[in-house]
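Below are the chains, spelled out letter by letter.
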Amino acid sequence: MTISTRQTSMRTHMCGEIGTSDIGQTVTVCGWVAKRREHGDKLAFVDLRDYSGIVQCVIDNAVDVRSEYVVKITGVVRPRPEGTVNVNLSTGEVEIGECLVEVLRSAEPPPFPVDARADDVDENVRLQYRYIDIRRERMQKNLRTRAKVNSAVRTAMESQGFVEVETPMLVPSTPEGAREFLVPSRKEPGSFYALPQSPQLFKQLLMVAGIDRYYQIARCLRDEDLRADRQYEFMQLDAEMSFVNQDDVLAAISAAVIAAAESVTGVKPDPIQQITWREAMERFGVDKPDLRFGMELTELTAIFSSTEFKAFAGAESIKGIRVEGKAEEFGRNKLDALTDRAKKMGAKGLVWLKVTTDGTLESPVVKFLSANEQSQLISTLQAQAGDLLLIVADKWSMTCEVLGTLRNELGRPPVHQGPYRYVWVTEFPLFVGVDKETGQPKPGHHPFCQPHPDDLDKFSSDPMSVRSLAYDLVLNGWELGSGSIRIHEPEMQRRVFTALGISEDEANRKFGFFLKPFTYGAPPHGGFAFGLDRLVAILAGEENIREVIAFPKTQSGQDPMTNAPTRAENKQLDELGIRVLPPKV
Ligand code: ASP
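Residues numbered from 1 in each chain as written. Predicted model: local features only at pLDDT ≥ 70, side-chain atom pairs only at ≥ 80, totals over all residues. Heavy atoms only, no water.

Our focus in this paragraph is the overall build of the protein. A tally of helices and strands in the protein yields 13 helices and 22 strands. For the protein, the residues scored as buried account for 48% of the 585 residues in total. The long-range share in the protein, meaning contacts at least 24 apart out of those at least 6 apart in sequence, stands at 67%. Split by element, the accessible area of the protein, about 29,500 Å² in all, is 50% carbon and sulfur. Each charge class in the protein can be summarised by its mean position, and for the 70 positive and 82 negative side chains these summaries are 3 Å apart. (Helix = DSSP H or I, 4+ residues; strand = E, 2+ residues; numbered from the N terminus. Buried < 20%, exposed > 50% of the residue type's maximum accessible area, 1.4 Å probe, protein only. Contact = heavy atoms within 4.5 Å. Areas by Shrake-Rupley, 256 points an atom, 1.4 Å probe, with all protein chains shown as cover. Lys, Arg positive; Asp, Glu negative; His and termini not counted. Charge placed at Lys NZ, Arg CZ, Asp CG, Glu CD.)

Structural data, given as structure tokens:
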């Protein structure tokens, strides 16, 4: 027997779908009482709600139904009396009359009205009563948007020959950079599993195993401080492919992202453009550029090659941004605040200049700049009267960081505001920064990324300039995900481990289970993973991924509904061989 998507043995229609074509029909609807209004002595109006919407039912006012009661109503669909049509409601032209009401379940008054705006209710209260919060139209829509995205992603991956394989949740510790959640072993007290930061190692082993194209909508867990775009547990589309180069991976993942976006917005995004990491840093100052607005960073170093201005003389890099038409808006206090912001990030300072109506520059530092420098500055930045110019002279990375941050802070629209601008950022550095404890370089992504073939000779001479075949996908300034072509030759893996200061012994101890299989015939392979929560949030028009997750944790990592995390019983701890020390004072 096939069952209808909507009709059940208890109902014939969904509330939100009743319309003029049903007039005269007897229908049965089930749902929650959204509102009750008395209508004269004998009758009451009840707005009945299910996920599809609301329908007005006219009932005998002696029937005891109140807000959020669960009821079943059978009645006849009829046009609303003239003058009472509600154009804001999909069912606003009709109502259900001659109603027979069956109360399926009474309800306590809800802690907040289900039609309240999210902003009007404390988020902790929303999360404590999440099952009521999800009754709200917006949450219903968001969770359904999420399901659409999952489904479109699955279809896109499967139509490209990817096979869904599930990987374990109890895994050994893996080196992906984030802090891990540990799970104590009862059988081996003192030993721990880790919860997977991602299925990284397993998906690569699936390539050794000949699966060829793997995907999974995978739960990943990272014990990192939470914020608007981060939760302890989050979902990724995780994928890996054999016998591919970078373009193959980008094409496969682009297809899934484009299908997901189209399933929600109805509009197929343009092919996703690519820029290199270097270009992203040069133009936008950050590795997750928001391409929806201009205000790009402009290179100014050459203009000041023989400057007398001390703050600029000899600087490794001088860059500027033009904040269009904002000169007047930025008085002394605001300018001081910008300068403080730049200093907090580690810059030596921030130079600001305003372009006056006659096209000259106004700033406490103008007197130190030659006429030629001033005119070149104006022409290079294409500055117009009324613009505010911000300049940083420092190390290259510092000029990028400061101006990239200020550009975002001064110009960035809310993340979901269109147009959607996807971009692949490629050629990330293989190493970033130096580990404070060991003094060794740290992996830019994880230690299994293939170095760029053109940079192999720089490995020992200039490791920090070695590029990798690692790439990120960015949407409106949010990093959706990362991936890379992997190392599949033990010799190359050894070189990278050596550069990272990981000895052969340590490598074997930590990742032996992963490295050994590579000696049994590993195909060239590469992959990617992107965060579904982030993609869904942007497509659903939400600033915070908690709005698209059914049961998220609060910013402090708690679940006000279940009270997790809770204290374990002593008996459980004894079995695990764990002793909890009193908190440090
Ligand atoms: N495992 C990586 C991550 O979660 C993605 C990848 O390299 O495929 O960021």
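On to the packing of helix α4 (residues 200–208) against helix α11 (residues 504–518), then. Any two packed helices are characterised by how steeply their axes cross, that is the angle between the axes, and by the distance between the axes. Two numbers describe how α4 lies on α11: the axes approach to 10 Å, and their chain directions differ by 20 degrees. Taken together, the axes of α4 and α11 lie roughly parallel to each other. For the pair α4 and α11, the sense of crossing is left-handed. Two secondary-structure elements touch here, α4 through L201, Q204, L205 and V208 and α11 through F513, F514, P517 and F518. For the contact of α4 with α11, a count of residues per class yields seven nonpolar, one polar and no charged. (Axes fitted to C-alpha atoms, helices over the stretch in contact; angles between N-to-C directions. Parallel < 35°, antiparallel > 145°, perpendicular 65-115°, else oblique. Left-handed = near helix turned anticlockwise from the far one by under 90°. Nonpolar A, V, L, I, M, F, W, Y, C, P; charged D, E, K, R; others polar.)

So, on to the site of the ligand. In the vicinity of the ligand lie 14 residues, with S198, Q200, K203, R222 and R486 positioned nearest. Separating an oxygen atom of the ligand from a side-chain N or O atom of H445 is a distance of 3.1 Å. Burial of the ligand by the surrounding chains reaches 96%, relative to a free accessible area of 270 Å². Elements represented by at least two residues in the shell around the ligand include exactly α4, β21 (478–485) and β22 (525–531). For the shell around the ligand, the element with the highest residue contribution is β22, accounting for three residues. Among the residues forming the shell around the ligand, the class breakdown is two nonpolar, eight polar and four charged. (Near = heavy atom within 4 Å. Polar contact = N/O pair within 3.5 Å; in protein donor to acceptor, adjacent residues only side chain to side chain.)

For helix α5 (residues 246–265), which comprises 20 residues, the first-to-last C-alpha distance of 28 Å matches the rise-based estimate of 28 Å (1.5 Å per residue) to within 8%. Residues of α5 that are buried: Q246, V249, L250, A252, I253, S254, A256, V257, I258, A260 and A261. The opening residue of α5, the one whose side-chain oxygen lies 3.1 Å from the backbone nitrogen of D247, is N245. Of the residues trailing α5, G266 is marked for its positive phi of about 80 degrees. (Expected span 1.5 Å × (residues − 1).)

Here we take up the side chain of S482. Along the chain, S482 turns up in strand β21. Taking relative accessible area as the criterion, S482 reaches 16% and is therefore assigned buried. Looking at S482, its side chain comes within polar contact range of the side chain of D472, at 2.9 Å. Those residues in contact with S482, other than ones at most four positions away along the chain, are H445, Y471, D472, F528 and A529.

Glancing now at unusual backbone geometry. For the bond from A564 to P565, the omega torsion is 0 degrees, close enough to zero to count as cis. At D212, a residue that is not glycine, the phi angle is positive and equals roughly 75 degrees. Take D212: it is sitting in the loop between α4 and β9 (213–221). For N563, which is not glycine, the phi torsion reads 70 degrees and is therefore positive.

Turning to helix α10 (residues 490–499), its buried residues are M492, Q493, V496, F497 and A499. End-on, the buried residues of α10 take up no more than an arc of 160 degrees, which puts them together on one face. Against β18 (431–434), β19 (441–443) and α11 lie the buried residues of α10. Downstream of α10 by a residue or two, G501 has a phi angle that is positive, lying close to 80 degrees. (Arc of directions from axis to C-beta.)

Turning to the side chain of D238, a few remarks are in order. Assignment of secondary structure puts D238 in strand β10 (residues 233–242). Using a relative accessible area of 1% as the deciding quantity, one classes D238 as buried. The residues touching D238, leaving out its near neighbours within four places in the chain, are P199, K203, Y214, Y215, Q216, A218, F528 and A529.

To continue, consider the packing of aromatic side chains. Overall, the coordinates contain 16 aromatic pairs when judged by the stated rule. Taking 6.3 Å as the distance between ring centres and 75 degrees as the angle between the ring planes, the aromatic pair formed by Y129 and Y131 counts as edge-to-face. Judged by relative accessible area, which is 27%, Y129 ranks as partly exposed. Classification of Y131 by relative accessible area gives partly exposed; the value is 45%. Taking 6.5 Å as the distance between ring centres and 40 degrees as the angle between the ring planes, the aromatic pair formed by F202 and F513 counts as tilted. Taken together, the positions of F202 in helix α4 and F513 in helix α11 put the pair 311 residues apart, joining distant regions of the chain. Residue classification places F513 among the partly exposed residues on the basis of a relative accessible area of 33%. Through a chain of ring-to-ring contacts, three or more aromatic side chains come together here, namely F448, F497, F511, F514 and F518. (Phe/Tyr/Trp six-rings, centres within 6.5 Å; stacked < 30°, edge-to-face > 60°.)

One finds V153, M157, I253, Y422, F530 and L535 to be the most contacted residues of the largest nonpolar core, which totals 44 residues. Examining the composition of this core, we find that nine residues originate from one element, α5, more than from any other. Apart from the residues lying within four places of it in its own chain, the contact partners of F530 are V153, M235, Q236, L237, I253, V257, L480, G481 and L535. (Core = buried A, V, L, I, M, F, W, Y, C linked by side-chain atoms within 4.5 Å.)

To continue, consider a nonpolar patch on the surface. Side chains of M169, L170 and Y193 sit close together on the surface and give an oily, nonpolar patch of about 260 Å² of accessible area. Its location among the elements puts M169 in the loop between β6 (163–164) and β7 (182–184). (Patch = residues over 30% accessible without salt bridge, like charges linked within 9 Å, V, L, I, M, F, W, Y side chains within 5 Å. Salt bridge = Lys/Arg side-chain N within 4 Å of Asp/Glu carboxyl O.)

Regular strands place side chains that alternate from one sheet face to the opposite one. Counted residue by residue, β22 has seven buried out of seven residues, so it is predominantly covered. Side chains H525, G527, A529 and G531 project from β22 onto one buried face, and the interleaved G526, F528 and F530 project onto a second face that is buried too. Pairing analysis gives seven bridges linking β10 to β22, with the strands arranged antiparallel. Following the sheet pairing, E240 is matched in β22 by G527. Bridge analysis of β21 against β22 gives five bridges, and the strand direction is antiparallel. (Pairing = 2+ DSSP bridges.)

Shape descriptors only; they carry no functional weight alone.
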